[in-house]
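# Close look at the chain arrangement
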Amino acid sequence: MAQAQSPIHPTESETFCINHPQTRTSLRCNRCGNPICTKCAMRTPVGYRCKTCVRNQQAVFYTASSMDYVVAAVITLPLALIGQLIGPMLGFFALFVGPIVGGLIAELVWRATGKRRGKYTWLIVAGCMIIVALPVVAWPLLVSAVSIGSGSGLGRAGLYGVLNLLWPVIYLILAVGSAIAG
């Protein structure tokens, strides 16, 4: 007579997560087949994968060398300086000039690096644009702080300094946003 299977003792061997050996699992990576727990599983459009397979797949898209980051900085710094000096002076039109300049910088960096993508290229471009903008944005704040510190309160010069900060900041936000998206 055949023995009945007990629900407490399954017949198949138990599997444990490859990263957490104490965690039982029946889930497997659909690429490499390793057992993974719900903490390690990453949902992809084709099913669950382990973090190693996802990281290896993403690495295929990033082909930039370290020299590409230098090229990105060399291109971004002068163009961002020109844009930061001219763009905010256009007042309301900075709303249109900022995204154009940011997109132009992104396009030139992409072409100069041989259309290679780097994991941190966006960070280099954004950082260079912000570094170039710091003196332009900091000057009105400094003028305001000096007028408040001199005891005259937020007088005409201080208010003028704060209002002058509006267009450079708007320009910078739009230009950096466009460069990152590009």
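The present account deals with the structure reproduced in this document. Each chain carries its own residue numbering, running from 1 in the direction its sequence is written. The predicted nature of this model means local features are confined to residues of pLDDT at least 70 and side-chain atom pairs, given and counted, to a pLDDT of 80 or more, with totals for whole chains, interfaces and linings taken over all residues. Each side-chain value is worked out from all heavy atoms of the structure, with water and hydrogens disregarded.

## Here we look at the pattern of salt bridges
Note on definitions: salt bridges are taken to be side-chain nitrogens of Lys or Arg within 4 Å of carboxyl oxygens of Asp or Glu. Counting across every chain of the model gives 3 salt bridges. Here Glu14 ties to Arg24 by a salt bridge, and the two come within 3.3 Å at their closest N and O atoms. Here Glu14 is found in the segment before strand 1 (15-16), whereas its partner Arg24 is found in strand 2 (residues 24-25), with 10 residues between them in sequence. Across the pair Glu107 and Arg111 runs a salt bridge, and its minimum N-O distance is 2.6 Å. Placement of the pair is Glu107 and Arg111 together in helix 3 (residues 94-112), with a separation of 4 residues, close to one helical turn. The classification of residues rests on relative accessible area computed with a 1.4 Å probe and restricted to protein chains. Under 20% of the type maximum is buried, over 50% is exposed, and intermediate values are partly exposed. The exposure class assigned to Arg111 is exposed, which follows from its relative accessible area of 54%. By the criteria applied, helices consist of DSSP H or I runs no shorter than four residues and strands consist of E runs no shorter than two, each listed in order from the N terminus.

## Details of the side chain of Thr76
As for its position among the elements, Thr76 is in helix 2 (residues 66-86). Relative accessible area serves as the criterion here: at 0%, Thr76 is assigned to the buried category. Only heavy atoms enter the contact rule, under which two residues are in contact if any of them lie within 4.5 Å. Residues in contact with Thr76, not counting those within four places in the same chain, are Ile105, Val109, Val125, Cys128 and Met129.

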